[in-house]
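# Descriptive structure summary
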Amino acid sequence: MSTEQLEKRWWHDAVVYQIYPRSFNDSNGDGIGDIPGIIEKLDYIQTLGANVIWLSPVYKSPMDDNGYDISGYREIAPEFGTMADIEKLLFEADKRGIKIVMDLVVNHTSDEHPWFLESKSSRDNPKRDWYIWKDPKQDGSEPNNWESFFKPKAWTLDETTGQYYLHLFSNKQPDLNWANPEVREAVYDMMHFWLKKGLGGFRMDVINMIGKPSDYPDATIFDSGVAGWEHWSNNLLVHQYLREMHDKVLRHYDVLTVGETPFTTTLDGRYYSHPERNELSMIFQFEHVGIDREEHNAVKKDFDLVQYKEIMSRWQEDLYQRGWNSVYWSNHDQPRTVSRYGSDSPEYRIISAKMLGTVLHMMSGTPYIYQGEEIGMTNKHFNNIEEFNDLMAKFHYQKMIERGVSNDDAIEFLNYFSRDHARVPVQWDTKDHAGFTTGTPWLPVNENYVEINAEQAVNDEDSIYHHYRQLIQLRQGEEYGDVVVYGNHTLLDPQDGEVYAYIRSSGEKSLLIIANFTDSTLQRTYQYGVKQVVLNNYDDAPSSIHELVLKPYQAIIIDIE
Ligand code: TEU
Ligand code: CA
C-alpha cells in the first residue's frame, strides 16, 4: 500500500500535550491546579506548537485515585473549577487552534457514584446489574483468584448484600458491567453530552479491559502482570463494544480517540486502530515502558536499548499503513523521561532530554508530551513512604515489604518508578513553590525549580523547550512534514546497544536520525550522501557521517540522498 491509500486525518500530524490538572497551575492559591490555571498557560502551549491538549480527569470525584474514580460524569470537581470554566477553556483553546481531548474513564466509576450507591443498596435494585456482583465461594472466599492493580484482590465483599463486587483497580473503583446494554447506553449518552460541547476527542482509560468473560474463570498465574489479565484484556467483547461505540457515538464526530491498552501486541494494535475496523484512532501500547521493571511485582530491570529499539520499530513497522501509532516517553503514571532514559545530571540533563525528544518526535504516529517534559523536569527524591502520595506507591511498598525487601530498597525502587514523580507540580519560574501556587502545593515541588523552570526555558533559545518546538515544526512544516508523518521506518543496526539510528523515507525524501544514548563519545559509520543537517543538539556541525564522531547524548537529524 502506498501512502496515498491511507486516508489522511487531522490527528495524523497532531502533537498532543498532556495536562494533569492537579499539578499544572493553580490560579486561586488553594494549592491545587485548576482549569482557570490551564487557561493562563494556553499561550505557552501554543508557542510550543502542540495543537491538542489531553486533560486527565477533571470530573467530580472523591479523588481516591486523583480523579480516575469518577462520581459525576457530567460535573466538574469543584477544586478544578466549574462547567463554565471548561467551556471557556474549550473556547480559548479553539481560538489558538488547540483541541481539547478529555479522559473517558468508563471501565469503572467511583464507589461514590450514584449508580454504584444504588447498585449496592440491594440485590434487587434495578441498577444491581450495572456492576459485577458475584456470590462468595462455598468457603466464603472471593469468586475467583483475580488480582487488582492497586489491591491484593480484585473482589471486595459487601457485607449488607453478601456478594462480592469486582474492581480491577482500587476498592473505590468498582468495574462497570459492560455486558449490560443499559450501562453502554448511559456511557454513550454521556459521550454525546461532552462531544456536543466541541471536544476534540477522548483518551480512554484502560478501555481494553471493559469486556469481562461471562464465566469469570480463575486466572493462570504467570510470572508477571495482574492475575486475570489474559481473561479481561483485549478480548473479542472489547472489540464488539468499541465498534458499537463507534457506530452510536464516534462516527458522528471528527475526533481523536486514543485507547489506553496495557498488555497489547501489535496485532491487537491493528485491530484497535485500523481505519476500516471503526474502533479507535490509536492506542497507547505499554511494551516499552515495561522494559526496565516488572510493574506488578515491583521489580527493577536494566534498561536495554537493543530491546527498546526492537519494540519501537516493531510497532512502527507492524502498524504502517495498517493502523496508527501513538508515541510517548511518559505520562502521569510514569517517572520523568530524562531521569529514566537519559541523564538528569547537571552536565547532561539538557542535552540528553533533547536527544530523547528527537528520537521520539521523528517517529511516525502521534507524539504525546507530558507536562514538564518539554523543560526536562526530573524525578524528585522521596525519603520515606510517608512522602509519597499515590495509592499505587503505597501498594507496591506494602508488597515489597511483605516479600522481605528492606525499607531502603523499597524506597529506592519507588524513587525510580513512583507515579508521584510525574505528579509533582510543574515548575513555572523561580518564585516560591516554582510559581505553581501562592499557597501550599498539594504535593511539594522539586527543589531544583530554581534552575529548571518554564520561564528560563522560554527565554533561552537553546533550551529543551525550543528544541521540542523545532521538532514539532518539522512534523507540521511544509518541507519535512510528509516524511515525518507518513514515511516508512527502517531501523539501522538493531544490535547496537549504544546508538539508536533509523531512517524515515517517503517519496523523494529520507531522513536519517542518529542518537547516542550514552555519556561517551562514540564513532560510527553511515554510507549515505548528506543533503543537509536538519537538527542537531550540539552547536558545531557534525563531522562526515562516513566517520561520524558522536558526542555524549548527541542526536542529529540528517536529510540524506
Ligand atoms: O492506568 C492504568 C494502568 O494500567 C495503571 O495501573 C498502570 O499500570 C500504572 O499506572 C502505570 O505505571 C490508568 C490511569 O492512567 C491511571 O492513572 C489510573 O490510576 C488507572 O487507569 C485507573 O483508572
Ligand atoms: Ca486551585
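Every chain is numbered independently, its residues counted from 1 as its sequence is written. The naming scheme follows written order: chains are lettered A onward, ligands numbered 1 onward. Totals for whole chains, interfaces and linings use every residue, but because this is a predicted model, local features are given only for residues with pLDDT of at least 70 and side-chain atom pairs only at 80 or more, for both listing and counting. Excluding hydrogens and water, the side-chain figures rest on all heavy atoms present in the structure.

### A word on helix 16 (residues 464-476)
If you check helix 16, its first and last C-alpha atoms are 18 Å apart, about what 13 residues at 1.5 Å a residue would give, namely 18 Å. The classification of residues rests on relative accessible area computed with a 1.4 Å probe and restricted to protein chains. Under 20% of the type maximum is buried, over 50% is exposed, and intermediate values are partly exposed. Starting at the N terminus, helices and strands are each numbered in turn, a helix being any DSSP run of H or I of at least four residues and a strand any DSSP run of E of at least two. Within the span of helix 16, buried status applies to Ile464, Tyr465, His466, His467, Tyr468, Leu471, Ile472, Leu474 and Arg475. Between the first and last residue of a helix there are one fewer steps than residues, each counted as 1.5 Å, and that sum is the expected span.

### Thoughts on the UniProt feature "domain: Glycosyl hydrolase family 13 catalytic" (unreviewed entry) in the protein
In the UniProt entry, the feature "domain: Glycosyl hydrolase family 13 catalytic" (unreviewed entry) is given for residues 18-423. Secondary structure over residues 18-423 splits into 33% helix and 13% strand, and the C-alpha atoms at its two ends are 12 Å apart. UniProt positions are given in the numbering used here, feature names are shortened, and annotations may be inferred rather than shown by experiment.

### A short note on empty space enclosed by the protein
A cavity, in this analysis, means grid points on a 1 Å lattice covering only the protein atoms where a 1.4 Å probe fits yet has no way out; a pocket is instead an open set bounded by protein on both sides within 12 Å along at least five of seven lines, and a residue lines either one if it has an atom within 4 Å of a point. Grid points are joined across faces, edges and corners, and a volume is the space filled by probe spheres set on the points. Scanning the entire structure with this criterion turns up 4 cavities of 30 Å³ or more. Computed from the structure, the largest cavity encloses a volume of approximately 110 Å³. Together, 13 residues line the largest cavity, and Leu319, Tyr320, Gln321, Trp324 and Ser364 are the ones closest to its centre. Class assignment for the residues of the lining of the largest cavity results in 6 nonpolar, 7 polar and no charged. Approximately 60 Å³ is the volume attributed to the second largest cavity. Along the walls of the second largest cavity sit Arg336, Thr337, Val338, Ala353, Leu356, Glu373, Gly376, Met377, Ile464 and Tyr468, which together make up its complete lining. At the level of elements, helix 10 (337-341), helix 11 (349-361) and helix 16 are the ones that each hand at least two residues to the lining of the second largest cavity. By the convention adopted, Pro, Cys, Tyr, Trp, Phe, Met, Ile, Leu, Val and Ala count as nonpolar, Lys, Arg, Asp and Glu as charged, and the other residues, Gly among them, as polar. Classifying every residue of the lining of the second largest cavity by side-chain character gives 6 nonpolar, 2 polar and 2 charged.

### Comments concerning the sheet that holds strand 5 (residues 99-104)
Pairing is parallel across the open sheet formed by 8 strands, whose spatial order is 11-10-9-5-2-1-15-14. Two strands bound the open sheet, and with one partner strand each, they are strand 11 (282-284) and strand 14 (326-328). Strand-to-strand twist across the sheet, computed as the mean angle between neighbouring axes with direction ignored, equals 25 degrees. In this description, strands pair whenever DSSP reports at least two bridges between them. Pairing geometry for strand 14 and strand 15 (residues 366-370), over 3 bridges, is parallel. Residue valine 327 lies in a different strand from strand 15, and its bridge partner there is proline 367. Angular values range over 0 to 180 degrees, each being the angle between N-to-C directions of two axes fitted as lines to C-alpha atoms, with helices fitted over their stretch in contact.

### What to know about the site of ligand 1
Near ligand 1 there are 20 residues, and of these Asp65, Asp205, Glu295, Asp333 and Arg419 occur at the shortest range. In the analysis that follows, any N or O atom pair within 3.5 Å is treated as a polar contact, provided that within protein one partner can donate a hydrogen and the other can accept it, and provided that, for residues neighboring in sequence, both atoms belong to side chains. Separating an oxygen atom of ligand 1 from a side-chain N or O atom of glutamate 295 is a distance of 2.3 Å. Between ligand 1 and histidine 332, the relevant distance is 2.9 Å, taken from an oxygen atom to a side-chain nitrogen or oxygen of the residue. Throughout, the Shrake-Rupley method with a 1.4 Å probe supplies accessible areas, and for residues the shown protein chains are the sole cover considered. For ligand 1, the protein covers 99% of the area, taking 490 Å² as the surface of the free molecule. In these notes, residues near a molecule or strand are those with any non-hydrogen atom within 4 Å of it.

### A short note on unusual backbone geometry
One can expect most non-glycine residues to show negative phi and most peptide bonds to be in trans. Positive phi outside glycine occurs at phenylalanine 263, with the angle close to 65 degrees. Locating phenylalanine 263 in the fold gives a position in the loop between strand 10 (256-260) and helix 8 (266-273). Under the relative-accessibility criterion, phenylalanine 263 is labelled partly exposed at 26%. In this model, glutamine 321 sits at a positive phi of 65 degrees, which is unusual for a non-glycine residue. For glutamine 321, the position within the fold is in the loop between helix 9 (305-318) and strand 14.

### A closer look at the coordination of the calcium ion (ligand 2)
With distances of 2.2 to 2.3 Å, the protein atoms coordinating the calcium ion (ligand 2) are Asp26 (OD), Asn28 (OD1), Asp30 (OD), Ile32 (O) and Asp34 (OD). Metal coordination here is assigned from N, O and S atoms located within 2.8 Å of the ion, or within 3.2 Å for Na, K and Ca; omission of water means that sites may look incomplete. Between the donor residues of the calcium ion (ligand 2), the gaps in sequence give the motif D-x1-N-x1-D-x1-I-x1-D. The class of aspartate 30 is partly exposed, set by a relative accessible area of 38%.

### Remarks on the side chain of histidine 192
As for its position among the elements, histidine 192 is in helix 5 (residues 181-195). Throughout, a residue-residue contact means that at least one pair of heavy atoms, one from each residue, lies within 4.5 Å. Among all residues touching histidine 192, those that are not within four sequence positions of it are Lys248, Val249, His252 and Tyr253.

### Quick look at the pairing of strand 18 (residues 509-516)
Most of strand 18 sits out of view: 7 of its 8 residues are buried. Pairing between strand 17 (residues 499-506) and strand 18: 8 bridges, direction antiparallel. Its bridge partner being in strand 18, serine 506 is matched across the sheet by lysine 509. From the end of strand 17 to the start of strand 18, which pair antiparallel, there are 2 residues, and glycine 507 there has a positive phi angle of about 55 degrees. Where strand 18 and strand 22 (residues 555-560) come together, 6 bridges link them in antiparallel fashion. Each bridged residue has a counterpart across the sheet, and for isoleucine 513 the counterpart in strand 22 is isoleucine 557.

### Remarks on the sheet that holds strand 7 (residues 155-158)
Spatial strand order, 6-8-7: 3 strands in an open sheet with antiparallel pairing. Every interior strand has two partners, whereas the edge strands, strand 6 (133-134) and strand 7, have only one. Judged from the 4 bridges that link them, strand 7 and strand 8 (residues 163-166) form a sheet pairing that is antiparallel. Residue pairing for strand 8: aspartate 158 is matched across the bridge by glutamine 163.

### Re the domain arrangement of the protein
Looking at the assigned domains, one finds that the protein contains domain 1 (16-111 + 176-465) and domain 2 (487-560). Residue ranges for the domains originate in an automatic or database domain assignment. Taking only C-alpha atoms into account, the centre of domain 1 sits 30 Å from that of domain 2. For any pair of parts, buried area is found by adding up, for both, the accessible area (1.4 Å probe) each one loses once the two are put together. When residues of domain 1 are sorted by the area they lose upon contact with domain 2, Lys309, Met355 and Met362 head the list and together hold 28% of the total. Salt bridges are identified by distance alone: a Lys or Arg side-chain nitrogen within 4 Å of an Asp or Glu carboxyl oxygen. The interface formed by domain 1 and domain 2 includes 0 salt bridges. Between domain 1 and domain 2 we count 8 residue pairs in polar contact (both at pLDDT 80 or more) in total. The set of elements that each furnish at least two residues to the side of domain 1 that touches domain 2 consists of helix 9 and helix 11. With 8 residues, the top contributor of residues to the side of domain 1 that touches domain 2 is helix 9. In the side of domain 1 that touches domain 2, the residues fall into 15 nonpolar, 7 polar and 3 charged.

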